[in-house]
Amino acid sequence: MKNIIVLGATGSIGDSVLSVIKQNKNKLNLLGITFSSNIAKAKNIINEFKLKNVYSDSDESHKSLKHTYENNQELNILREKSELEELLNKDDVDIIVSAISGFSGLESTLMAAKTGKTILLANKESIVVAGEVVLPLAKEHSTEIIPIDSEHNAIFQCLNSNKNTDDVSKIIITASGGPFLNKKISQLSKVTKKEALNHPNWEMGAKITIDSASLVNKCLELIEAKYLFNLNEKFFDLVVHPQSIIHSIVTYTDGSSICQMSNPDMRVPIAHALSVHNKRLSLNFSEIDFSSLKLTFQDIPEDRSGLVNIARNICNLGGSSGTIFNAANEIAVQSFLEEQITFDKIYEVIYRTFDAIPVSKNVDIDTIYETDNETRIEAKKVVKSIS
Ligand code: NDP
Ligand code: MG
């Protein structure tokens, strides 16, 4: 039996992880969760899984849990960060799923990196902003990081569930293109929040759905891949594949290209990661209908090349550049969702903020938090100047 803690269990990745656990109750056990504000959903999970451990750093959530479960002696309701850290380090914990969205996921990913357990990583932002800190820390503590972002999990599967890339000549990261595929940036000034949140293939949290629509998600994924597989950005091509059936392709030095395919369903990469190095789990998946399958591929739109070039530069620059890019984007996305800027201005906020903040080469966790803070202030100024 593998005991699992899910960080950010009330989100979209949380849903998929819990669904895989439910389908494999004889092998997987949910030992604890963290969440932020979705109290009703957290309570459903606690009741359904007869949960033993729950953590939230929100006062309101904590108070509500204490009230509802005052007579439940079986449930540990945690409030302090030290209590969460203690839980993650318990002997019976095997797997920690990092599925909080955005920069907020960094703190608990760092905690998990120090445990020596297996991390299933969804929170790509923690690698983009702090790959240079998280990865060495994980290595130092013998913590294995298994990607569950579908493209990175696909690459990992194509590499036979390891990260050895000695005989790799090329990796293609596929992109769905999102709801605005084939639209120029100049045509995006009037798109609504509803349209931007309506992804054609995937059901995901709001932030990553907007990132998919802007193609920032693919930029974050390029940087994530560079760090996770320790390869120069030149090895990676980004290709639009609107059907989201092939999740990435690894071409080896002898000319063989291996790809991983499934219908778009996050439970597939999650199930692989939950059974990594063991026999595969069983999942109630929808089969690909190969007889009617049409797979198409196209280049990343020309007018998004500036954005991709920034991501490629970040791969080469390292240091604080990923933190600056990520924070600028988080403010841009939040401002769009709060209807302070139009969709096309997301790019302007990122470009202008990225240009305004100097990149420092050597980072530690304190400088990453400082840079994140400084960048958010700058990005808000840019938003104010154009809204
Ligand atoms: P959601 O917005 O659906 O869920 C986010 C989760 O994080 C919720 O449990 C939320 O709690 C919690 N959370 C949010 N803010 C905080 C905070 N400040 N402190 C603590 N917890 C917080 O996001 P997704 O599940 O879509 O995405 C999660 C991560 O996985 C992201 O990094 C995303 O890029 C990545 N990912 C997601 C994919 C997907 O299919 N969804 C695919 C590939 C990667 P609450 O709801 O209770 O407030
Ligand atoms: Mg992805």
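This one's a predicted model, so the numbers in the text were calculated from it and none came from an experiment.

Caption draft 1: Here's a closer look at the overall build of the protein chain. Of regular secondary structure, the protein chain possesses 15 helices and eleven strands. A globule of 387 residues ought to have a C-alpha radius of gyration of about 21 Å, and the protein chain, at 20 Å, matches this closely. When the backbone C-alpha atoms are referred to their principal axes, the protein chain occupies close to 60 × 50 × 40 Å. A total of 387 residues make up the protein chain; the buried ones form 56% of that total. By sequence separation, contacts in the protein chain at least 24 residues apart represent 71% of the contacts at least 6 residues apart. Just so you have it, the protein chain exposes about 17,100 Å², and 46% of that area is on carbon and sulfur atoms. Each charge sign in the protein chain was given a centre, from 41 positive and 49 negative side chains, and these centres are 3 Å apart.

Caption draft 2: Highlighting unusual backbone geometry. The backbone of Asn182 shows a phi angle near 75°, a positive value even though the residue is not glycine. Among the secondary structure elements, Asn182 is positioned in the loop between strand E8 (168-175) and helix H8 (193-196). The class for Asn182 is exposed, based on a relative accessible area of 60%. Phi at Glu339 is positive, roughly 60°, even though this residue is not glycine. Structurally, Glu339 can be placed in the loop between helix H13 (321-337) and helix H14 (345-356). By relative accessible area, Glu339 is classed as exposed at 62%.

Caption draft 3: Molecular detail of the pairing of strand E1 (residues 2-7). The buried count for E1 comes to five of six residues, which makes it a mostly enclosed element. When E1 meets strand E2 (residues 28-35), the two strands line up parallel, connected through six bridges. Bridge pairing in E2 links Ile5 to Gly32. You can see the chain leave E1, run along helix H1 (residues 12-22) and come back into E2, and the turn it takes is right-handed. In this structure, E1 lies alongside strand E5 (residues 95-98), joined through four bridges in parallel fashion. Bridging from a neighbouring strand, Ile4 pairs with Ile95 of E5.

Caption draft 4: Region of the structure containing the coordination of the magnesium ion (ligand 2). Summarising the metal site, the magnesium ion (ligand 2) is bound by the protein donors Asp149 (OD), Glu151 (OE) and Glu221 (OE), whose distances to it range over 2.1 to 2.2 Å. Mapped onto the sequence, the residues coordinating the magnesium ion (ligand 2) show the spacing D-x1-E-x69-E. Within this pair, whereas Asp149 is found in the loop between strand E7 (144-147) and helix H7 (150-158), its partner Glu221 is found in helix H10 (residues 216-228), the two being separated by 72 residues in sequence. By relative accessible area, which is 1% here, Glu221 ends up buried.

Caption draft 5: Local environment of the pattern of salt bridges. The full count for this structure, using the stated rule, is 19 salt bridges. Residue Glu48 is joined to Lys22 by a salt bridge in which the shortest nitrogen-to-oxygen separation is 3.2 Å. Separated by 26 residues along the polypeptide, Glu48 in helix H2 (residues 39-49) and Lys22 in helix H1 bring together distant segments of the chain. Exposure remark for Lys22: the relative accessible area of 38% places this residue in the partly exposed category. Put simply, Asp372 and Arg376 hold a salt bridge, and the shortest N to O gap is 2.9 Å. Residue Asp372 and its partner Arg376 are located together in helix H15 (residues 365-386), separated by four residues, close to a single helical turn. Judged by relative accessible area, which is 7%, Asp372 ranks as buried. Judged by its relative accessible area of 17%, Arg376 is buried. When salt bridges with common partners are traced through the structure, they connect Lys124, Asp149, Glu151, Lys218 and Glu221 into a single cluster.

Caption draft 6: A look at the site of ligand 1. The environment of ligand 1 is formed by 24 residues, the closest being Thr10, Ser37, Asn38, Glu125 and Gly205. Within the contact set of ligand 1, an oxygen atom lies 3.2 Å away from a backbone nitrogen or oxygen of Gly11. Ser12 is positioned such that a nitrogen or oxygen atom in its backbone is 2.9 Å from an oxygen atom of ligand 1. Looking at the shell around ligand 1, the elements that each hand over two or more residues are H1 and helix H6 (124-140).

What counts, and where the lines are drawn
All residue numbers here refer to positions counted from 1 along the written sequence of the relevant chain. Here every chain gets a letter starting at A, and every ligand a number starting at 1, in the order they are written. Per-residue local features are limited, in this predicted model, to residues with pLDDT of at least 70; the limit for side-chain atom pairs, both in listing and counting, is 80 or more; totals at the level of whole chains, interfaces and linings are taken over all residues. Only heavy atoms go into the side-chain values, all of them from the structure, while hydrogens and water stay out. Helix and strand assignments follow DSSP, with helices taken as H or I runs no shorter than four residues and strands as E runs no shorter than two, numbered in order from the N terminus. For the radius of gyration, the atoms used are the C-alpha atoms, and the globule rule reads 2.2 Å times the number of residues raised to 0.38. When accessible area is computed with a 1.4 Å probe and restricted to protein chains, residues below 20% of their type maximum are described as buried, those above 50% as exposed, and intermediate ones as partly exposed. In what follows, a contact means two residues having at least one pair of non-hydrogen atoms within 4.5 Å. Exposure was quantified through the Shrake-Rupley algorithm and a 1.4 Å probe, taking into account, for residues, occlusion by the shown protein chains and nothing else. By the counting rule applied here, Lys and Arg register as positive and Asp and Glu as negative, while His and the ends of each chain are not counted. By convention, charge coordinates are those of NZ in Lys, CZ in Arg, CG in Asp, or CD in Glu. Pairs of strands are assigned from DSSP output, requiring at least two bridges between the strands. Crossovers are described as right-handed under a simple rule: with the strands pointing away from the observer, the path leading from the first strand over the helix to the second runs clockwise. Listed donors are limited to N, O and S atoms within 2.8 Å of the metal, widened to 3.2 Å for Na, K and Ca; water is not among them, so incomplete-looking sites are possible. Throughout this description, the term salt bridge denotes a Lys or Arg side-chain nitrogen within 4 Å of a carboxyl oxygen of Asp or Glu. Distances are taken per atom, and a residue is near a molecule or strand as soon as one of its heavy atoms is within 4 Å of it. Residues adjacent in sequence count toward polar contacts only when both atoms are side-chain atoms; beyond that, a polar contact is any pair of N or O atoms within 3.5 Å, and within protein one must be able to donate a hydrogen and the other to accept it.

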